[in-house]
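Breakdown of the fold
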Amino acid sequence: MKKGLEVSSRRSMARNLWCVILFALLPLLQGCFFGTFQSTRTVGRGKTSGTVFLNLPTYVSEKDRKSAKSDDYTPPLTAGALYQVGVSDNADFGVQVIQYGVGVNGKVRFALRGMPVDFAVAPSVTYLVGRAQLSPMVAGMVGKTWGDLDIYGGINGAYGPDWRDRRKGVSFSDLPTRVTWALFAGTKVSTSGEAQLNPWFPKSLVFELGVPLDIKYNLIYFGVGVGGFSGLKLPF
């Protein structure tokens with residue numbers, strides 16, 4: 001019985017830890033979303049998985065950095081979290097906290113016979129609190145899985161604030177609306193098998209590069225995500 005109480009206590013501590021991490025990220029939710037932080041692999045029917053991530057912008061050259069500084073342009077930071085449920089072996093549905101708001105997301109995987117790679121479509125809709133606006137996004141991905149390693153890449157498009165106008169003195173609510181595009185590529189490394197002692201502990205690391213298109217300054221986003229947190233089980 002003592003062992004059972006220790007396990008329960010560890011699980012409770014893990015849940016509290018990830019709540020602290022999530023709320024620590026909330027003040028950083030001021031950027032657009034260049035990427036997905038998920039591979040083409042789905043969670044699996046009746047299973048759950050969560051990811052917290054941070055995406056940092058870097059100028060490609062000193063010329064780009066100086067040009068942006070002279071224009072009072074500040075590249076947006078991207079951070080957030082998503083939690084997904086496997087509604088079938090090839091489809092996920094979830095919620096997310098990102099980009100000044102909250103929303104829902106999904107993913108459908110297509111494993112075509114005879115093809116060495118998988119394809120996936122990942123749509124989402126986010127309610128932007130500061131603008132009272134819905135911001136839809138869709139990503140198309142191609143990926144390959146080798147055991148616990150996923151390699152993936154694709155393109156995403158989003159309808160929302162025009163971050164090209166994110167200059168000093170321009171508020172989030174005053175930004176114009178447009179469609180933005182970005183290329184992304186990433187890798188996800190997971191632990192083997194089911195979660196061990198505590199299913200709320202992280203089980204995967206995601207590294208991702210994002211390249212926003214149609215922006216005057218050449219930027220690359222370097223992102224890292226921590227995933228797993230599969231302690232919630234569903235009866236289907």
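Before reading on, note that the structure itself is shown above.
Scope of this entry: the structure provided in the associated data block. (Residues numbered from 1 in each chain as written. Predicted model: local features only at pLDDT ≥ 70, side-chain atom pairs only at ≥ 80, totals over all residues. Heavy atoms only, no water.)

**As for unusual backbone geometry**
It is generally the case that most residues other than glycine have a negative phi and that most peptide bonds are trans. Even without a glycine there, the phi angle at Phe37 is positive, about 55°. Its location among the elements puts Phe37 in the loop between α1 (2-25) and β1 (48-59). Judged by its relative accessible area of 1%, Phe37 is buried. The phi dihedral of Ala132 is positive, around 50°, even though this residue is not glycine. If you trace the backbone, Ala132 turns up in the loop between β5 (118-128) and β6 (133-146). (Helix = DSSP H or I, 4+ residues; strand = E, 2+ residues; numbered from the N terminus. Buried < 20%, exposed > 50% of the residue type's maximum accessible area, 1.4 Å probe, protein only.)

**Focus: the sheet that holds strand β4 (residues 101-110)**
Pairing is antiparallel in the closed barrel, where ten strands are placed in the order β1-β2-β3-β4-β5-β6-β7-β8-β9-β10. Strand-to-strand, the axes of this sheet are offset by a mean angle of 20°, without reference to chain direction. With eight bridges connecting them, strand β9 (residues 202-212) and strand β10 (residues 219-228) associate as antiparallel partners. Among the inter-strand pairings, Gly210 is bridged to a residue of β10, identified as Tyr221. (Pairing = 2+ DSSP bridges. Axes fitted to C-alpha atoms, helices over the stretch in contact; angles between N-to-C directions.)

**Let's talk about the nonpolar core**
Membership of the largest hydrophobic core is limited to eleven residues, which are Phe37, Phe53, Leu82, Ile98, Ala120, Ala122, Ala139, Met141, Tyr152, Phe184 and Val206. Every element with two or more residues in this core is listed here: β5 and β6. Within the second largest apolar cluster, nine residues are counted, among which are Ala68, Tyr73, Ala182 and Ile215. (Core = buried A, V, L, I, M, F, W, Y, C linked by side-chain atoms within 4.5 Å.)

**Some details on the side chain of Ser39**
Mapped onto the secondary structure, Ser39 falls in the loop between α1 and β1. When its relative accessible area of 2% is taken as the criterion, Ser39 is described as buried. A distance of 3.3 Å separates a polar atom in the side chain of Ser39 from the backbone nitrogen of Arg41. Within the structure, the side chain of Ser39 is placed 2.9 Å from the side chain of Asp150, a separation counted as a polar contact. Those residues in contact with Ser39 that lie beyond four places of it in its chain are Lys107, Met141, Asp150, Tyr152 and Lys188. (Polar contact = N/O pair within 3.5 Å; in protein donor to acceptor, adjacent residues only side chain to side chain. Contact = heavy atoms within 4.5 Å.)

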